[in-house]
Amino acid sequence: MSNPPGTPHGESPWARPGGQPEPPIEHAPPNLPEPSASATRQMPVGSREAATTRMPSAPSAPTGPLPMPPAGPPSAPPPGEPPTTVIRTPAPRHRPAGMLRDPLACALILITVIALALAGLIGAELIARRIADNKVAKATECVVHDKASVSFGVAPPFLWQHFRGNYTNISISTAGHQVKDAQQMKADLSISDVDLHGTGDSKGTIGTLNATLTWPAAGIKETVQSMVPILGNLVSDLRTNAHDGTVELGGAFGLASVVVKPEVVNGALSLQVQKLTGLGALTLPRETLQPELDRFAQALTKKYPLGLRADSIEVTDTGVVARFSTHNASIPRSDDPCFANL
């Protein structure tokens, strides 16, 4: 508010004492900045002053970095626009302790470990078997002069047998081309309870070894022709008779015939002359032929290892089947190159 014009009356606070001059009007400095706060009012002195109202001046532009607005809730989208959905993927959290406390995770880990261990054992078992099969097959081929296949028993596992040095059973079969000098002979061997804990003069022992030798008629004829010179020149045909267990060696054009019977004598094979007919009776007397057949039978079996003995011999319609065996045989230490890699 402003003072009214004229002289104040009474004891008003606006009254000026008499005799005093009017105070000069002070003007604000021209270069002082206008206050930026709320509006202020300056009341001039004197009756002729008018009330003056000052408006707040505009704030000066900031000179430093602009402050970041405070984070707040997202503003609503403009009308007519669909809201934008922001999908935030949570960062992965490692929970090893939680996995260990999870029964399913522990079971899966245990199953994986067991599967890997079994796979490793099976692989080692197969590799060890293949190596052992090849070594025994090579040794057998060196002895019989024929191809051979070998297999070890499946129970217990081969690695267990190898670490113990005790093999339960081994099977060996040859291709059937020859066994030493016996042409077209096939051998099938079954070996059990092999103990390789040797002594000073032995590499170990063999509990049981059974061998079956199958010899067809054509192979007998070929072998007789090459190993019995006195008889081989006359033999052009050979027939086996299963009903009486004999083998007939016939000459050319039926002019000569020799009938022999294979037998087991004191654990060895023997070929006993049964009958001579035709020119065979004249040119091959029994006293001359029998010693030749004895030497032939001994030559077939004398090189068999481990003390093999003949158990039986059977004449079939197609050939001869002989069975040999040995028990608790000692495996000798020898310098035979056939067994150098065993």
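Note that the coordinates shown come from a computational prediction; the quantities given were computed from them, not determined experimentally.

(A) Just a nonpolar patch on the surface, in detail. Together, Leu110, Ile114, Leu118, Leu121, Ile122 and Leu126 give the surface a local cluster of nonpolar side chains, amounting to about 600 Å² of exposed area. Looking at where Leu126 falls in the secondary structure, it is placed in helix H2 (residues 103-144).

(B) Spatial organisation of the sheet that holds strand E7 (residues 186-195). Within the open sheet, the six strands sit side by side as E3-E4-E7-E8-E14-E13. Their pairing is antiparallel. For this open sheet the edge positions go to strand E3 (148-152) and strand E13 (309-315), each flanked by a neighbour on one side alone. Shown here is a sheet whose adjacent strand axes are inclined to one another by a mean of 15°, direction ignored. Judged from the six bridges that link them, E13 and strand E14 (residues 319-332) form a sheet pairing that is antiparallel. Pairing of Glu314 across the sheet is with Val321, part of E14. Contacts from helix H4 (residues 217-227) reach strand E8 (202-216) and E14 within the one sheet, and its direction differs from that of E8 by about 100°.

(C) Spotlight on the packing of H4 against helix H7 (residues 286-301). For the pair H4 and H7, the least separation of the axes is 11 Å and the interaxial angle reads 110°. As summarised for this structure, H4 and H7 are arranged roughly perpendicular, according to the angle between their axes. In this structure, the crossing between H4 and H7 has a hand that is right-handed. Taken together, the residues of H7 that come into contact with H4 (itself represented by Thr223, Val224 and Met227) are Phe296, Ala299 and Leu300. Across the contact of H4 with H7, the residue classes break down as five nonpolar, one polar and no charged.

(D) Focus on empty space enclosed by the protein. If you walk through the whole model with that rule in mind, you get five cavities of 30 Å³ or more. One number sums up the size of the largest cavity: a volume of about 270 Å³. Lining the largest cavity we find 23 residues, and of these Trp215, Ile220, Leu271, Phe296 and Leu300 sit closest to its centre. Where the lining of the largest cavity is concerned, the elements lending two or more residues are E8, H4, strand E10 (246-250), strand E11 (256-265), strand E12 (268-278), H7 and E14. With four residues, H7 is the largest single contributor of residues to the lining of the largest cavity.

(E) Seen up close, the sheet that holds strand E9 (residues 237-241). On the basis of which strands lie adjacent, the open sheet formed by four strands has the order E9-E10-E11-E12 and antiparallel pairing. Bordering the open sheet on either side are E9 and E12, each of which pairs with just one other strand. For this sheet, the mean inter-axis angle between neighbouring strands, taken without regard to orientation, is 25°. Summarising the sheet, E11 and E12 pair through 10 bridges and their orientation is antiparallel. By the bridge assignment for E12, Pro262 is matched with Leu271.

Here is what the cut-offs are and how they apply
- Residues numbered from 1 in each chain as written.
- Predicted model: local features only at pLDDT ≥ 70, side-chain atom pairs only at ≥ 80, totals over all residues.
- Heavy atoms only, no water.
- Patch = residues over 30% accessible without salt bridge, like charges linked within 9 Å, V, L, I, M, F, W, Y side chains within 5 Å.
- Areas by Shrake-Rupley, 256 points an atom, 1.4 Å probe, with all protein chains shown as cover.
- Salt bridge = Lys/Arg side-chain N within 4 Å of Asp/Glu carboxyl O.
- Helix = DSSP H or I, 4+ residues; strand = E, 2+ residues; numbered from the N terminus.
- Pairing = 2+ DSSP bridges.
- Axes fitted to C-alpha atoms, helices over the stretch in contact; angles between N-to-C directions.
- Contact = heavy atoms within 4.5 Å.
- Parallel < 35°, antiparallel > 145°, perpendicular 65-115°, else oblique.
- Left-handed = near helix turned anticlockwise from the far one by under 90°.
- Nonpolar A, V, L, I, M, F, W, Y, C, P; charged D, E, K, R; others polar.
- 1 Å grid on protein atoms, 1.4 Å probe; cavity = no way out; pocket = protein on both sides within 12 Å on 5 of 7 lines; lining within 4 Å.
- Points joined across faces, edges and corners; volume = space filled by probe spheres on them.

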